[in-house]
Amino acid sequence: MEEHGKKLGMLNIFGLGLGGAIGSGIFVLLGFGIGYTGRSIVLVCVGGCLFMLLAYMYNVIMSSMFVFKGGDYSQKALLFNPTMTGFSATMALVNSMAMSSYALGMVNYISAVFPGVAPYTRPVAVLIMTLFFASTLRGSRFITLLENAMTVILIGAIAIFVIFGMPQVRPDYFSNADGGFFHGGFAGFVSAIAIMGWACQGTTMAPVSMVAVTEKPKKTIPLAILWITLALAVIYGVMSIVAAGVLPYDQVAGANLGATAKAIFPNSIYVVFILGGGVFAIATSLLGGIAMFRYPLMKIAEDGWLPPVFKKTTKGGFPWVIQLAFYLLSVMPILLGFSLDSIISLVMIPSMVMNVYLNMACITLPKKYPDQWKKCALRMPVPVYNIICVLSAACAGVVAFNLFKDLKGKDIIASIVILAICVGFSLLRIHTGAVKKEFLEENKRAIIVQALADDEE
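Since the model is a prediction, treat every value here as computed from it, not as a measurement.

Asker: Can you tell me about the overall build of the protein, naming the residues and giving the values?
Answerer: For the protein, the count of helices and strands is 22 helices and zero strands. Relative to the globule expectation of 23 Å for 457 residues, the C-alpha radius of gyration of the protein, 22 Å, shows essentially globular dimensions. Seen through its C-alpha atoms, the protein measures out along the principal axes to roughly 60 × 55 × 45 Å. In the protein, which comprises 457 residues, the proportion classed as buried is 54%. Surface accessibility of the protein: about 19300 Å² in total, with carbon and sulfur atoms responsible for 69%. The average position of the 31 basic charges and that of the 21 acidic charges among the side chains of the protein differ by 4 Å.

Given below as structure tokens:
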């Protein structure tokens, strides 16, 4: 119905995209980034937004060539070979592990106001996950209401943090006399970009999903992504200056924003910021992720990538097997004692490996689809285009490598196991005939036919 109504313009896409990009990741991960690089975190946040834009460049390129109703899902289906399609499907389950980082982040913020909670971080985090999963059993309408309020709360919390904090930033912020700027050297700086990638990666996701209802999408979407990236870089940049510039390095490294908030706010505003900003911002992200994650998992099960049992539902249509598997994977990192930053790394590493493939696969597009390339909003000399694709793949590879090298012990083993499972399970489902290559090729043809039919230009 919406597709036949008024199309969305630049401002609409910018607002939706910026709201989606400003996520709880900045509340959760900023202290870890400071731990790697000190006060140069401001350069990490500004440069990291541009760096992650390159890592997801395939989104921008394909949006400028095709009109995909299926957004990112259709883009991947077109670029992937059968094995990588299965890898992507399995990754949807792996990504559910990231939900545990939200629960741990919430406990960290709650502990800042109620210190007695800290010794019980694991059981409280599991309890939070259980309650949030239970709240989605009937698809309660309040989930949507909370998600609509998320952007306002996030921006409000960030605004008061910056307004109160900027006047208190130390005047020698950009000096390295105390070793606080580029604290970990170049290696620490790159590691900070890698870990902050989780917070900076959302600039392309919302715009790409809105292609089908956007006016002149092949021009509007890429330009909107650029403006969203620049706006996010500014917001995260000023936020990071306050987070790293008020207190000494050893008081904020590895800590959440509560450490700085306690120093800059009166106690009453501090409590409101922690509970109303930090906790609620993370809570709405967790709730939204739980509510929305089951739909792509259902599609993956229907396509044969998961065993038939995953398609079982209750009489009311609730996919209880999928949601149960989702819940177990979400609490597993908590029960196994993985740290918050290692959980992010375990999810980001296979995602960035996948992005290396996707960005390199874009090199073939001008030759495969010459007519679309001629009408591409980002058309340029092919050699320059190829360099951009290779550079984008390299950015994704750098993130994956640096996240992997900073893992320790069981985290390294877990990362290798996850990658092996994703590839192995994909090969197994194809080899056993659960997913047929003919089906994948037919699906790919259907996607390109739809994209060309909906091309407004």
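Asker: Got a sec to walk through a nonpolar patch on the surface? Specific residues and values, please.
Answerer: A contiguous nonpolar surface patch, about 440 Å² in accessible area, is contributed by Leu 50, Leu 223, Leu 226, Trp 227 and Leu 230. Secondary-structure assignment places Leu 230 in helix H12 (residues 217-245). Residue classification places Leu 230 among the partly exposed positions, given a relative accessible area of 36%.

Asker: Give me the lowdown on the packing of aromatic side chains, citing residues and values where you can.
Answerer: In total, this model carries 16 aromatic pairs according to the counting rule given. Ring geometry for Phe 174 versus Phe 181: centroids 5.7 Å apart, planes at 55°, classification tilted. You can call Phe 174 exposed: its relative accessible area is 57%. You can call Phe 181 buried: its relative accessible area is 9%. When the ring of Phe 182 is compared with that of Phe 189, the centres are 5.2 Å apart and the planes differ by 40°; the resulting orientation is tilted. Residue class for Phe 182 comes out partly exposed when judged on its relative accessible area of 35%. Taken together, Phe 27, Tyr 109, Phe 161, Phe 164, Phe 265 and Phe 273 form an aromatic cluster joined through their ring pairs.

Asker: Got a sec to walk through helix H10 (residues 185-200)? Specific residues and values, please.
Answerer: The end-to-end C-alpha distance of H10, which contains 16 residues, comes to 21 Å, matching closely the 22 Å that a straight helix rising 1.5 Å per residue would cover. Taken as a whole, H10 carries its principal kink of about 30° at Ala 194. Of all 16 residues in H10, 13 are buried, a share of seventy percent or more.

Asker: Give me helix H2 (residues 25-37): which residues, what numbers.
Answerer: If you check H2, its first and last C-alpha atoms are 18 Å apart, about what 13 residues at 1.5 Å a residue would give, namely 18 Å. Most pronounced at Gly 31, the bend in H2 amounts to some 25°. The element H2 is largely enclosed, with a buried count of eleven among its 13 residues. Just beyond H2, the residue with positive phi is Gly 38, at close to 70°.

Asker: Give a detailed account of the nonpolar core, specifying residues and quantitative values.
Answerer: One finds Phe 27 and Met 196 to be the most contacted residues of the largest nonpolar core, which totals 139 residues. For this core, the element with the most residues is H12, which contributes 13 residues. Residues contacting Phe 27, with those up to four places away along its chain left out, are Tyr 109, Leu 154, Ala 157, Ile 158, Met 239, Asn 256, Leu 257, Phe 273, Gly 277, Gly 278 and Ala 281.

Asker: Talk me through the side chain of Thr 220; I want residue IDs and the actual numbers.
Answerer: With respect to the helices and strands, Thr 220 occurs in helix H12. At a separation of 2.7 Å, a polar atom in the side chain of Thr 220 contacts the main-chain carbonyl oxygen of Glu 215. Residues within four places of Thr 220 in sequence aside, it is in contact with Gly 9, Met 10, Ile 13, Thr 214 and Glu 215.

Cut-offs and rules
Throughout, a residue's number is its position along its own chain's written sequence, starting from 1. Since the coordinates come from a predicted model, pLDDT governs what is reported: local features require at least 70, and pairs of side-chain atoms require 80 or more to be given and counted, while whole-chain, interface and lining totals use all residues. Note that the side-chain values use all heavy atoms of the structure and ignore hydrogens as well as water. Here a strand is any run of E in DSSP of at least two residues, a helix any run of H or I of at least four, and the numbering for each starts at the N terminus. The atom set for the radius of gyration is the C-alpha atoms, and the globule formula is 2.2 Å times the number of residues raised to the power 0.38. Burial classification: accessible surface area is computed with a 1.4 Å probe over protein chains only, and a residue below 20% of its type maximum counts as buried, one above 50% as exposed, and the rest as partly exposed. Methods summary: accessible areas were calculated by the Shrake-Rupley approach with a probe of 1.4 Å, and residue burial reflects only the protein chains presented. Counted as positive: Lys and Arg. Counted as negative: Asp and Glu, with His and the chain ends omitted from the count. Taken as the charge location is NZ of Lys, CZ of Arg, CG of Asp or CD of Glu. Residues enter a patch when their relative accessible area is above 30% and they make no salt bridge; the linking distance is 9 Å between like charges and 5 Å between nonpolar side chains (Val, Leu, Ile, Met, Phe, Trp, Tyr). Salt bridge, as used here, is a side-chain nitrogen of Lys or Arg placed within 4 Å of a carboxyl oxygen of Asp or Glu. The criterion for an aromatic pair is that two Phe, Tyr or Trp rings (for Trp, the six-membered ring) have centres within 6.5 Å, with stacked assigned to planes under 30 degrees apart, edge-to-face to planes over 60 apart and tilted to the rest. A helix is expected to span 1.5 Å for every residue after the first. Bend is the name given here to the angle between axes fitted to two runs of seven residues, the run ending at a residue and the run starting at it. Put simply, a nonpolar core is a bunch of buried Ala, Val, Leu, Ile, Met, Phe, Trp, Tyr and Cys residues held in one set by side-chain atoms that sit within 4.5 Å of each other. Whether two residues are in contact is decided by their heavy atoms, any of which lying within 4.5 Å being enough. In protein, a polar contact requires one atom able to donate a hydrogen and another able to accept it; more generally it is a pair of N or O atoms within 3.5 Å, and residues adjacent in sequence count only if both atoms are side-chain atoms.

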